[in-house]
Amino acid sequence: MTDSDSAAANERDRHIHVRLADERSSIYDMITEYLQASGKAADWYWRTAGRLEGNEADNFEELLSSAFEAGAFIAHDHPEDVEFKWVTEEECERERRREESGAQGEAAKKERSSLSHYA
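The sections below set out a description of the structure shown in this document.

### Some remarks on the pairing of strand S1 (residues 15-20)
With respect to burial, S1 is a largely interior element, six of its six residues being buried. The alternating pattern of S1 places His 15, His 17 and Arg 19 and Ile 16, Val 18 and Leu 20 on opposite faces, both of which are buried.

As structure tokens, this is what we get:
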């Protein structure tokens, strides 16, 4: 395998991390802003997301659709607040260990598991 073959394989094995640029920002606030701007009921969205158990296909589809739309809204209306980073599994694992060993270990685990890792 040549260096260019290795580099191409490495590029194919990447996935994307989407993060808020400012650690003090709240993804919940940005999604709520989107829901309000689009005329959707934010309280319904958060109540449904909080009790979703996977067997409510119609609600699940609406939640995913709204989350996707919210992501597009945030990237369009708040591009300075969003970071996109293509990473390998190795880089992902290093980042995960660094976050978990840092001062905000529990918060990082919770944030990552709920909203910030999309691929």
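### Here's the deal with the nonpolar core
Core analysis: the biggest nonpolar cluster contains 15 residues, and Ile 27, Ile 31, Tyr 34, Leu 35, Tyr 45 and Ile 74 have the highest contact counts within it. Secondary structure elements with two or more residues in this core: S1, helix H2 (27-37), helix H3 (42-51) and helix H4 (57-77). Looking at this core element by element, the count peaks at five residues for H2. Apart from the residues lying within four places of it in its own chain, the contact partners of Tyr 45 are Ile 31, Leu 35, Leu 63, Ser 66 and Ala 67.

### Things to note about H2
Residues of H2 that are buried: Ile 27, Met 30, Ile 31, Thr 32, Tyr 34 and Leu 35. N-cap assignment for H2: the residue whose side-chain oxygen lies 3.2 Å from the backbone N of Tyr 28 is Ser 26. Looking one or two places after H2, you find Gly 39, whose phi comes out positive at around 80°.

### A look at the packing of H2 against H3
Axis separation between H2 and H3 bottoms out at 9 Å; the angle between their running directions is 135°. If you check the angle between H2 and H3, you find them oblique. Contact residues: H2 offers Tyr 28, Ile 31, Thr 32 and Leu 35, while H3 offers Ala 42, Tyr 45 and Trp 46. Residue classes in the contact of H2 with H3 are distributed as six nonpolar, one polar and no charged.

### Regarding the packing of aromatic side chains
For the coordinates displayed, the defined rule picks out three aromatic pairs. In this structure an aromatic cluster arises from ring pairing among Tyr 28, Tyr 45 and Trp 46.

### Re the pattern of salt bridges
A full pass over the atoms with the stated rule returns nine salt bridges. Residues Arg 14 and Glu 91 are paired through a salt bridge, measuring 2.9 Å at the closest nitrogen-oxygen approach. Taken together, the residues span a long stretch of sequence, with Arg 14 in the loop between helix H1 (3-12) and S1 and Glu 91 in helix H5 (residues 89-101) at a distance of 77 residues. Classification of Arg 14 by relative accessible area gives buried; the value is 19%.

Quick notes on the rules
Numbering of residues starts from 1 in each chain and follows the order in which that chain's sequence is written. Only residues with pLDDT of at least 70 get local features here, since the model is predicted, and only at 80 or more are side-chain atom pairs given and counted; chain-wide, interface and lining totals rely on the full set of residues. As a rule here, side-chain values cover all heavy atoms of the structure and leave hydrogens and water aside. Think of it in three bands: with a 1.4 Å probe and only protein chains considered, a residue is buried below 20% of the maximum accessible area for its type, exposed above 50%, and partly exposed in between. Helix numbers and strand numbers start at the N terminus; a helix is a DSSP run of H or I with at least 4 residues, a strand a run of E with at least 2. Take the buried residues of types Ala, Val, Leu, Ile, Met, Phe, Trp, Tyr and Cys, join any two whose side-chain atoms come within 4.5 Å, and each joined set is a nonpolar core. In this description, contact between two residues means that some pair of their heavy atoms is separated by no more than 4.5 Å. Polar contacts, as used here, are pairs of N or O atoms within 3.5 Å; protein pairs need one atom able to donate a hydrogen and one able to accept it. Residues neighboring in sequence count only if both atoms are side-chain atoms. Axes here mean lines fitted to C-alpha atoms, for a helix over just the part in contact, with angles spanning 0 to 180 degrees between N-to-C directions. Angles below 35 degrees are treated as roughly parallel, those above 145 as roughly antiparallel, those between 65 and 115 as roughly perpendicular, and all remaining angles as oblique. Polarity classes work like this: nonpolar for Ala, Val, Leu, Ile, Met, Phe, Trp, Tyr, Cys and Pro, charged for Asp, Glu, Lys and Arg, and polar for all others, with Gly in that last group. Only rings of Phe, Tyr and Trp enter the pairing, Trp through its six-membered ring, and a pair is recorded when the two centres are within 6.5 Å. The plane angle decides the type: under 30 degrees is stacked, over 60 is edge-to-face, the rest tilted. Whenever a carboxyl oxygen of Asp or Glu lies within 4 Å of a side-chain nitrogen of Lys or Arg, that contact is scored as a salt bridge.

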